Amino acid sequence: MATATYDGVEVEVNDEGFFTDPSAWREEMAPIIAKEMGIDELTPDHWRVIRFVRDRYLETGGGPTVRVLGKTSGVTVKELYRLFPKGPAKEAAKIAGIPKPVGCI
Amino acid sequence: MSTVAIIGAGTAGTLVANRLAKQLPRNDTIIAIDLDNSHLYQPGLLFLPFGKANPAKLVRPRRGQLSQRVTYIQALVTKIDPKENTVYLVDHPPLHYDVAVIASGSKIVSDETEGMTGDGWLKDAFTFYTLEGGTALRNRLENFTGGRIVVNVVDMPIKCPVAPLEFCFLADAFFRDRSIRDKVEITYVTPLDGAFTKPVCSSILGSMLKDRGVELVTEFNTGSVDYQRNTLVSFDGREVPFDLAVLIPPHTGAEYVFHSPGLGDDFGFVPTDPKSLVSKVAKNIFVIGDATDLPASKAGSVAHFEGEVVSHNVQHFLNGESLEEAFDGHANCFIESGHSKAMLIDFNYDTEPLPGNFPLRFGTPLLKESRLNHLGKLAFSWVYWHVLLKGRDIPLIGSQMPTSGKRFPAGEVRSPLSTQSRDR
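Since this is a predicted model, take the numbers as computed values, not measurements. (Residues numbered from 1 in each chain as written. Chains lettered and ligands numbered in written order. Predicted model: local features only at pLDDT ≥ 70, side-chain atom pairs only at ≥ 80, totals over all residues. Heavy atoms only, no water.)

**Student:** Looking at this structure, how should I read the overall build of chain B?
**Tutor:** Looking only at helices and strands, one finds nine helices and 24 strands in chain B. Computed over C-alpha atoms, the radius of gyration of chain B comes to 21 Å, within 12% of the 22 Å expected from 2.2 N^0.38 for 424 residues, which places it in the range of a compact globule. Viewed in the frame of its principal axes, chain B has a C-alpha envelope of about 65 × 50 × 45 Å. For chain B, buried positions account for 58% of its 424 residues. Taking the contacts inside chain B whose residues are at least 6 apart along the sequence as the reference set, 67% of them involve residues at least 24 apart. Within the structure as shown, chain B displays about 16,900 Å² of accessible surface, and the carbon and sulfur contribution to it stands at 51%. Here chain B contributes 42 positively and 48 negatively charged side chains, and the mean placements of these two sets differ by 7 Å. (Helix = DSSP H or I, 4+ residues; strand = E, 2+ residues; numbered from the N terminus. Rg over C-alpha atoms; globule rule 2.2 N^0.38 Å. Buried < 20%, exposed > 50% of the residue type's maximum accessible area, 1.4 Å probe, protein only. Contact = heavy atoms within 4.5 Å. Areas by Shrake-Rupley, 256 points an atom, 1.4 Å probe, with all protein chains shown as cover. Lys, Arg positive; Asp, Glu negative; His and termini not counted. Charge placed at Lys NZ, Arg CZ, Asp CG, Glu CD.)

Structural data, given as structure tokens:
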């Protein structure tokens, strides 16, 4: 298992950089993770999505997919891709310290 | 004197109605409701585009599949009110129930994706998930002389998640048989990061695509279909051009679920307890088949295995007894791989599809192509109409997944989904 250090705290992450223990995440880590991924500044719109994604995870045990985000986060899919160009579901999940969302079977 | 209202008379609704007809005391009333009188044999849709199924033979009357004991109401359901225990219908008085069973399945929503139903729809782009779409695609494939075919799953979940892959395998065989395979490019475009969700199965199916020269494009979230340029465009700006697109549109639950307070999630699927199959909104509403939000396949075999648990639990509820927590997510699917061969996969919430043998006397191979499995898939049509819908158990295939015969890798394999549910 790999580790990463954010805001002076060492956390366990998987091969793709997703937190293995979401409870290790703190808000101060988010901008640092985002920067690593090429998102230089977290705007209030970014935060809205990050909080939504994390709340959903805590509530349901899974990160929302792009379709769920587009339908329920109050941010359109086009806008989501502007905020998180490499894939909103994946990028927001990584910044929010939750596992990579998986499609259902 | 209780009333059980079953919403939907497709695979799940019919088999649960017929099970209850045998099980419940004579003075209980069983009502099944659906919009029309056409029961479609959905597994046949896969064969339709290749001229291997007769559309007229895939449909039988819904009423004829139901036990005489079941009252059939043909009407559109507009709403269920879980607090008032009432189903609302068009041109029919509201119906009071003691127990409701949601069996209204899932439907495709082709207008959710920008441009999909534009002027190239049914001309250059088709879906085989409907009888009309499959028939139109058959006519187009019949005259297809070469070019680029793109098979695209727009978003999950979908019914029968292996069907789009089977379509690729059958298309490969179809064009080989016509000696024009070298003139046809086949590309499989998926929002997943591999051919399938479950790791072992995904890698085996991925190499089967490769063996057949089918290109795999992953993590593609289709944003729009552009018929001016016959191109799929993803939300992150990637493009996949096509001459012929076979699209699997996103799915939702039935329309009335969206209008029923507290019943469904954002996509009209009904939050359901994974083991007892009771809904999360009310103790007297049970859910079966594609209508649930469960991390199980949306497939007839799953509805069949759920049928035993749902019918028992309806009876337990009416008797004031505690519910069985017996469903394990069992699914059992044949995967057609072309040229009269098929594979069998068998899995549940916790165990992903693994190689080995299904524990029948003749050792049906799992996750491996064989002629026997193809014959099994063909024979299934008879089993469907005469055993499964009648609510009978299929001999030797229990509702819980058998673990014997499966080759478990060193260390236990758990699917990501089951890990998630344990973390809840």
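**Student:** Which parts of the structure should I look at to understand the overall build of chain A?
**Tutor:** Helices and strands together make up the secondary structure of chain A, namely five helices and two strands. Moving toward the C terminus, one meets the helices and strands of chain A in the order β-β-α-α-α-α-α. In terms of overall dimensions, chain A is globule-like: its C-alpha atoms have a radius of gyration of 13 Å, near the 13 Å expected for 105 residues. Here the C-alpha coordinates of chain A stretch approximately 35 × 35 × 20 Å along the principal axes. For chain A, contacts bridging at least 24 residues in sequence account for 47% of all contacts bridging at least 6. Accessible surface computed for chain A: about 5,000 Å², of which carbon and sulfur atoms make up 50%. Seen as two clouds, the 14 positive and the 16 negative side-chain charges of chain A have centres 9 Å apart.

**Student:** Explanation requested: the sheet that holds strand 15 (residues 222-226) of chain B in the structure shown.
**Tutor:** What links the strands of a sheet is backbone hydrogen bonding, and the strands pair in either a parallel or an antiparallel sense. Residue and element names in this part refer to chain B. Overall, antiparallel pairing links the three strands, which are arranged 15-16-17 in an open sheet. Of all the strands in the sheet, just strand 15 and strand 17 (239-241) have a single pairing partner and so form its edges. Direction aside, neighbouring strands of the sheet carry axes that sit 20° apart on average. Sheet analysis places strand 15 next to strand 16 (residues 231-234), joined by four bridges and oriented antiparallel. Residue pairing in the sheet places S224 in a bridge with V233 of strand 16. (Pairing = 2+ DSSP bridges. Axes fitted to C-alpha atoms, helices over the stretch in contact; angles between N-to-C directions.)

**Student:** Explain the pattern of salt bridges here, please?
**Tutor:** Pairs may arise between side chains of opposite charge once their charged atoms sit close together. Applying the stated criterion to the full structure yields 25 salt bridges over all chains. In this structure, the salt-bridge partner of D266 of chain B is R56 of chain A, at a minimum N-O distance of 2.9 Å. Here the residue D266 of chain B occupies a position in the loop between helix 6 (255-258) and strand 20 (285-287), and R56 of chain A occupies one in helix 2 (residues 44-60), the pair thus bridging two chains. The exposure class assigned to D266 of chain B is partly exposed, which follows from its relative accessible area of 26%. A salt bridge links D124 of chain B to R140 of chain B; its shortest N-O distance comes to 3.1 Å. With D124 of chain B in the loop between strand 10 (106-108) and strand 11 (125-126) and R140 of chain B in helix 3 (residues 131-142), the pair connects residues that are 16 residues apart, well separated along the chain. Because the salt bridges share partners, they merge into one network encompassing D7, R26 and E28 of chain A. (Salt bridge = Lys/Arg side-chain N within 4 Å of Asp/Glu carboxyl O.)

**Student:** Looking at this structure, I do not really get the packing of aromatic side chains. What am I missing?
**Tutor:** Given two aromatic rings, one states the distance between the centres and the angle between the planes to describe the pair. All names here are of chain B. Scanning the entire structure with this criterion turns up 15 aromatic pairs over all chains. Relative to W385, the ring of Y384 lies with its centre 5.2 Å away and its plane at 90°, an arrangement referred to as edge-to-face. The exposure class of Y384 is buried, given its relative accessible area of 2%. We classify W385 as buried; its relative accessible area is 3%. Over the aromatic face of F169 sits the side chain of R212, whose NZ or CZ is 4.8 Å from the ring centroid. Directly above the ring of F269 sits K298, whose terminal nitrogen or CZ lies 4.2 Å from the centroid. (Phe/Tyr/Trp six-rings, centres within 6.5 Å; stacked < 30°, edge-to-face > 60°. Lys NZ or Arg CZ within 6 Å of the ring centre and 35° of its normal.)

**Student:** Would you mind going over the side chain of R148 of chain B with me for this structure?
**Tutor:** All names here are of chain B. Mapping R148 onto the fold places it in strand 12 (residues 147-153). Side-chain polar atoms of R148 contact the backbone oxygen of P241, separated by 2.7 Å. Non-local contacts of R148, meaning those with residues more than four positions away in its chain, are made with E185, T187, E215, V240, P241, F242, D243 and L244. (Polar contact = N/O pair within 3.5 Å; in protein donor to acceptor, adjacent residues only side chain to side chain.)

**Student:** What am I meant to see in the interface of chain A and chain B here?
**Tutor:** Tallying the contact residues gives 20 residues for chain A and 29 residues for chain B. Summed over both partners, the interface of chain A with chain B comes to about 2,100 Å²; 56% of that surface belongs to carbon and sulfur atoms. Taken together, the links from chain A to chain B amount to six salt bridges. Taken together, the connections running from chain A to chain B amount to seven residue pairs in polar contact (both at pLDDT 80 or more). No other element matches the five residues that helix 3 (residues 66-72) of chain A contributes to the side of chain A that touches chain B. (Buried area = accessible area lost by both parts, 1.4 Å probe.)

**Student:** Sorry if this is basic, but what is going on with the nonpolar core here?
**Tutor:** In a soluble, globular protein the nonpolar side chains are often hidden away together inside. All names here are of chain B. Ranked by size, the top nonpolar core spans 90 residues in total, and within it I6, F128, L141, I149, F167, F175 and L205 carry the most contacts. Of all the elements, helix 4 (residues 163-177) adds the most residues to this core, at nine residues. The residues contacting F167, other than those within four sequence positions of it, are L46, P49, F50, F128, L137, L141, V151 and V246. (Core = buried A, V, L, I, M, F, W, Y, C linked by side-chain atoms within 4.5 Å.)

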